[in-house]
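Here's the letter readout for the chains.
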Amino acid sequence: MSLDLPGADEAREQAASAVRQLDDYVLPRLRDVDAPVLTVVGGSTGAGKSTLVNGLVGDEVSRPGVLRPTTRSPVLVHHPDAASWFDGDRILPGLARVRGGSTEGSRDEATTGHIELVTRETVPATLAVIDAPDIDSVVDANRAAAAQLLDAADLWVFVTTAARYADAVPWEFLRRAVARGVGIALVLNRVPPGAASEIGPHLAEMLRTEGLGTAPVFTIEEQELVDGLLPRSAVEPLRAWLGTLAADKRARAELVGRTLAGTIAELAARSDRVAAAVEYQGAMLGWMEDRLGDGFDRAVWNIATDVRDGTVMRGEVLARWQELLGTGELLRQLQSTIGRLRDRVTSAVTGRPRNTERFQGAVNSGVEMVVLERTAQAVDEVVGQWRSQGAGGALMREAGDRGIDLTRPSAELDERAARMVRDWQAGVLDLLRRESRGKQLSARVLSYGVNGVALVLMVGVFSQTGGLTGAEVAIAGGTSAVGQKLLEALLGDQAVRRLTTEARADLERRVGQLLEAEVARFAAALDPHRQQDDVGRLRRLAERLRTGVTGR
Ligand SMILES: Nc1nc2c(ncn2[C@@H]2O[C@H](COP(=O)(O)OP(=O)(O)OP(=O)(O)O)[C@@H](O)[C@H]2O)c(=O)[nH]1
Ligand SMILES: [Mg+2]
């Protein structure tokens, strides 16, 4: 999913977080249904999460603070008997374990990437509590860590305050919780005395609207801290609720089962979304390939047409051809016997090497020019089409960064086109030589010089005169008629037709090959973006996740 398309970043993030959630939650949970319920305490910075966790545990296990945000790396508190569940990398395998007490060390220290494990007898063996970094601070790493922890939770204890309960970010997270079907309890913390009766109904209304109407809400008034700890009475309702859950095997199994099913269903939905994004990438890539193919197919076709319809015979080529044949004088003598004509032409085409070379030179540059112009046109066309899409523009810039300028034909095109025309001319000569080895032509053709005959044949290739106008038609028509008559006299009209067709097809084939290399430059820009991701597998994965959940 490397193309720069709308929604691609989001899909990449979806894919990454889906994989992480499989590792962090789904797989460990499926393997060990009996592992302690993982309760993540999350919420805005300064909402009092660390203070609350300390209050629940009855000891300072996570240092609270006045500087925002305080908690940089998560603290997991568990019962000594539950240590084996958390020492290894069963859950959150990406986070290194650090054993200890309250977070020490400087705030500048790189604190991400690890989780602190704390043991306390006061935590039930069947339930562990994580004090998470905040969800909305300026520290990106905190937000990411909080999201990852919440994704790994069986149960969220979501802490908000009287001042912040209607903020946008907490609700985004809560919506995510609903989508995932995770167990959830709310703590409305640090409520000014007397304000609960006002805020309570409003919060309850918001929860109902968001599909969280049944989530328990614990309201805690702003407390005097005693030795930095919340008084036991303030946290008692929440502790009792958690304690009941911890003690009830069936309630735990039900909570875990619900969260697991919800998470898997959401994974299925995410897989589908990722698959759709991958398909979109494939479609865009296909579209760009089609525009590329169209542009250059048209160029090949245009060149072939230019060659047939006399465009090449214009100007210089025509002038040199006339020079070679001996201009008007020769045309007048057209009426006389073919034998005399033959003699004239023989001396013209075999006796004047300078004119022969000049004609060949003109043919070279005539064909080259057509090829270069039509290629440049195709390049402009493809570039225009690709740039009409953001992803195409990005792709061209990317190629530019690698030193490949796709806005013009390759630097070698001139040189290669020149060689192509020379090779074609050599090919026409070969064609005639092969032909003259046959019975009918041999001696006669050879006596006029294969080279001269080849030139006349080339003119046949270029002369359907459609592209010429006015005087040009008359002259070209006349001159090519000279050529035609001459050739027919030499080779027979069937052979002339066949050889002309072959020579033309050979030129078109060579043009095709020449342009393939130009197409390849564009295709190389697409290559790094070709589908690595298997859409079918993603769709099947989604289907299996869904049927696994519903038991179908
Ligand atoms: N007086 C009083 N102070 C509190 C209460 N709850 C939290 N505090 C103080 O508020 C500040 C923030 O509390 P923390 O527990 O660090 O908040 P947090 O949610 O963990 O914040 P982050 O770790 O930054 O996300 C600390 O100085 C606490 O001592 C309370 O109920 N009463
Ligand atoms: Mg904290």
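Placed above this text is the structure.
Residues numbered from 1 in each chain as written. Chains lettered and ligands numbered in written order. Predicted model: local features only at pLDDT ≥ 70, side-chain atom pairs only at ≥ 80, totals over all residues.

The helix and strand inventory of the protein stands at 19 helices and eight strands. Per-residue burial for the protein yields a buried fraction of 38% across its 552 residues. Long-range pairs, those at least 24 residues apart, make up 81% of the contacts in the protein between residues at least 6 apart in sequence. (Helix = DSSP H or I, 4+ residues; strand = E, 2+ residues; numbered from the N terminus. Buried ≥ 20, exposed ≤ 12 C-beta atoms within 10 Å, placed from the backbone. Contact = placed C-beta atoms within 7 Å.)

This paragraph deals with the site of ligand 1. If you check the shell around ligand 1, you find 20 residues, and the closest are G48, S50, P64, T71 and D134. Grouping the constituent residues of the shell around ligand 1 by class yields six nonpolar, nine polar and five charged. (Near = placed C-beta within 6 Å. Nonpolar A, V, L, I, M, F, W, Y, C, P; charged D, E, K, R; others polar.)

Let us look at the sheet that holds strand β8 (residues 217–221). Across the sheet, which stays open at both edges, the eight strands sit in the order β3-β4-β2-β5-β1-β6-β7-β8 with mixed pairing between neighbours. The open sheet has two edge strands with one neighbour each: β3 (96–99) and β8. The average angle at which neighbouring strand axes cross in this sheet is 25°, direction not considered. Pairing of strand β2 (residues 75–78) with strand β4 (residues 114–119) involves four bridges; the strand directions are parallel. Following the sheet pairing, V77 is matched in β4 by V118. (Pairing = 2+ DSSP bridges. Axes fitted to C-alpha atoms, helices over the stretch in contact; angles between N-to-C directions.)

Below, the discussion takes up the environment of Y25. With respect to the secondary-structure elements, Y25 resides in helix α1 (residues 8–31). With 25 C-beta atoms counted inside 10 Å, the residue Y25 sits in the buried group. For the pair formed by Y25 and D154, sequence separation is 129 residues and the distance between their alpha carbons is 8.5 Å. Here Y25 is in contact with D151, A152 and T263, once residues within four sequence places are set aside.

Following the sequence through the fold, L150 ends up in helix α4 (residues 140–152). A C-alpha to C-alpha distance of 8.9 Å links L150 and T39, two positions 111 residues apart in sequence. Here L150 is in contact with V40, G42, W156 and F173, once residues within four sequence places are set aside.

Okay, the packing of helix α8 (residues 249–308) against helix α18 (residues 493–526) next. Running from amino to carboxyl end, α8 crosses α18 at an angle of 155°, the nearest separation of the two axes being 10 Å. Comparing the axis directions of α8 and α18 gives the class roughly antiparallel. By crossing handedness, the relation of α8 to α18 is classed as right-handed. Between α8 and α18, the contacting residues are L285, M288, E289, L292, F296, A299, V300, I303, A304, V307 and R308 on the first element and R504, L507, E508, V511, G512, L515, E518, V519, F522, A523 and L526 on the second. The residue makeup of the contact of α8 with α18, split by class, is 16 nonpolar, one polar and five charged. (Parallel < 35°, antiparallel > 145°, perpendicular 65-115°, else oblique. Left-handed = near helix turned anticlockwise from the far one by under 90°.)

By themselves, these observations are geometric and do not establish any function.
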